[in-house]
Structure formats: structure tokens, C-alpha cells
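Take a look at the letters that make up each chain.
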Amino acid sequence: MSVLAMDNAAFRYKGEKYIFKDVSFSLEEGQILSIIGPNGSGKSTLLNCLAGLLKLDTGEITLEGKSIASLKAREIAKIIGYVPQNHSPAYGYTVHDFVVMGRAPHLGIFASPGGREYEIAWQALESIGITHLAGRPYTEISGGERQQATIARVIAQQPNIIMMDEPTSSLDYGNQMLIVKLIRKLASEGYAVIMTTHTPDHAIMLDDTVALMDRSGGLNVGSTEDIMNEDALKHVYRVNLKLVYVEQAGRTVCIPCMGRVVGRGE
Ligand code: ADP
Ligand code: MG
């Protein structure tokens, strides 16, 4: 059974054109879905639909075989850990406290987290190698460390699926790679991971499943190899580019070319 499946799905904001329609795909444990496409193509919208935060117009999303529409927010939170694009600063909290907040879906309404919750949070910090940040105030760590702390928080939530909206977009080169490698590690541990990115190379490096969105309601899902070809990328980003295999890097690299911009005014 797949952990997540989307069947014949379509979504549009009230009175607007479709963001996507006729979309079907499923994800297994350990699978990575990279959602790529230009600004405004609907990456966050798709992610929010998959997380149950927006309701589909037509079609169905199932989590572990159950329709997402039949699940309560708390039940969804036990399956999906969601890392939003801009998480609000947690004033006055240490990183360890912040990660403990991931336990919320597992606690009773009036319960405060106890020793066991702090233990689980510690294990989450350990699993991604950031226990040295535990006692630091959340507001005083770097952007890269904050992104790692936020990922530790969803790990503490003990979901099966981790969703992240542009987890690399505000990070420097080194920290971007840190997060890309962390996503690979999470997948190898059995999490299904869904992430959005502005960087085609990240999808190439993750080398699993890609959802490519365009601005006119197009959404194709398939393997990196099938979806990420020059014509499709040129079309959606409206830029001339080349996909080149670089032996020293051991992979195909996406290189934008200066000069001619294709497909303007479509
Ligand atoms: P992306 O994440 O790829 O940049 P979004 O999913 O944020 O794209 O947005 C897709 C489209 O939907 C954009 O045209 C955006 O303006 C529009 N949109 C986003 N949120 C809303 C909303 N709450 N109501 C109406 N339109 C929206
Ligand atoms: Mg977005």
C-alpha cells in the first residue's frame, strides 16, 4: 500500500483557473517527490493540498489507504510532518524546546510535554547530528541551523511523510547541499519526502520522482529522467538552458545559457 496517493485530482482557488487537474500519482516509503516549476505555478498550493490544508475540487488524496478528507488534523499530523516555507520565530525557546513542540499531535489537549517527549526530541536532534544546538536559543542560530532544527521538529513528530516548502531557498550553497543530503538520508531511513525547490539541480541530485508544474495548469509527474528534459525545462522557466552530463560531478547538470530567452509572450 502506498503511503500517499493522489487520484484524478484538480484544484483551483475560487473563481480562478485550475492550478492543476487530472493528476494521479502515488508515493511509497523511502520515495522522494521534488516539486519544481516557476514562481506562481502552484508548488505551495499542491503541497498544501497534499497536506490536507486545502481541499481538492475533484479527486481524492489517500494517506495509508484512508481518504484525507475523513481524517482529523491531529490524525493527519501523525502521518505528515510539514515544514512550511516561513516558520515564525519561536521567541524564548531553546532548540530542544522547539523540537519538543513536534510532539504536540501525540499529547492530550491539556498535557504538557514530559521527560519522554524531551527524550524523543533529543533522539531527533541526534539523528541529524545537531545535539550541540539543543541549549541554544532558537532565535540566535543561523538560517541553515534553523532549517535543520525545523526538520528535527518534524522528525520528533514521528510522521511517515515529511513535506517541505522550499527548504533550501534562503540558504547559502553549503547549507543547501546539507539539506539536499539530509533529504536523501531521511528517504533512506524510510520516510517519504515531498519538497518544492527552485533549483532543478536539486531535483537531479535527489534523482527520484519529479512533479514539474507550469503556469497554465500543466503538471507532469514521473522519473527525473522522463520529466526533466531540456525542452520541458525551457518551456516552464522560459529560459534557454542545457542539461549536460559532467563526468567530474558524476551527474547531469542544468546550466542556464545567457542570451536568448525562449517562449516569451506565450
Ligand atoms: P508557487 O508556490 O509555485 O510560487 P503558489 O502555489 O503560491 O505558487 O501559487 C499558485 C497561484 O495561485 C499563483 O497565481 C498565486 O497567486 C495563486 N494563489 C496562491 N494562494 C492563493 C489564494 N489563497 N487565493 C487565490 N489565489 C492564490
Ligand atoms: Mg511557493
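None of these values were measured; they are calculated from a predicted model.

## Comments concerning the sheet that holds strand β5 (residues 66–67)
Okay, so step 1: The sheet built from four strands is open, its strands ordered β2-β1-β4-β5 with antiparallel pairing. The outermost strands of the open sheet, each flanked by one partner alone, are β2 (20–27) and β5.
Okay, so step 2: The sheet contact formed by strand β4 (residues 58–63) and β5 spans two bridges and is antiparallel. Across the sheet, residue L63 finds its bridge partner in β5, namely K66.
Okay, so step 3: Docked against the sheet, helix α1 (residues 43–50) engages β1 (4–11), β2 and β4, running at close to 125 degrees with respect to β1.

## Describing the environment of A121
Okay, so step 1: Locating A121 in the fold gives a position in helix α4 (residues 115–127).
Okay, so step 2: Between the C-alpha atoms of A121 and R103, which are 18 residues apart in sequence, the distance is 8.1 Å.
Okay, so step 3: When residues no more than four places from it in sequence are discounted, the contact partners of A121 are H96, V99, V100 and A156.

## A closer look at unusual backbone geometry
Okay, so step 1: Residue D22 is not a glycine yet carries a positive backbone phi of 55 degrees.
Okay, so step 2: By the element assignment, D22 lies in strand β2.
Okay, so step 3: On the accessibility criterion, D22 (62% relative accessible area) is exposed.
Okay, so step 4: Phi is positive for E166, which is not a glycine, with a value near 45 degrees.
Okay, so step 5: Along the chain, E166 turns up in the loop between β7 (161–164) and α6 (173–188).

## A closer look at the environment of C49
Okay, so step 1: On the secondary structure map, C49 appears in helix α1.
Okay, so step 2: Sequence separation between C49 and A9 is 40 residues, and the spatial gap between their C-alpha atoms is 9.6 Å.
Okay, so step 3: Apart from residues no more than four positions distant in its own chain, C49 is found in contact with F11, F20, L54, L56 and I61.

## Quick notes on the packing of helix α5 (residues 143–156) against α6
Okay, so step 1: Axis separation between α5 and α6 bottoms out at 10 Å; the angle between their running directions is 15 degrees. Looking at the two axes, α5 sits roughly parallel to α6. You can see that α5 and α6 cross each other, and the crossing is right-handed. Here G144, Q147, Q148, I151 and I155 of α5 come into contact with α6, specifically with N175, L178, I179, L182 and L186.
Okay, so step 2: Residue composition of the contact of α5 with α6, grouped by class: six nonpolar, four polar and no charged.

Calculation criteria
Residues numbered from 1 in each chain as written. Chains lettered and ligands numbered in written order. Predicted model: local features only at pLDDT ≥ 70, side-chain atom pairs only at ≥ 80, totals over all residues. Heavy atoms only, no water. Pairing = 2+ DSSP bridges. Helix = DSSP H or I, 4+ residues; strand = E, 2+ residues; numbered from the N terminus. Contact = heavy atoms within 4.5 Å. Axes fitted to C-alpha atoms, helices over the stretch in contact; angles between N-to-C directions. Buried < 20%, exposed > 50% of the residue type's maximum accessible area, 1.4 Å probe, protein only. Parallel < 35°, antiparallel > 145°, perpendicular 65-115°, else oblique. Left-handed = near helix turned anticlockwise from the far one by under 90°. Nonpolar A, V, L, I, M, F, W, Y, C, P; charged D, E, K, R; others polar.

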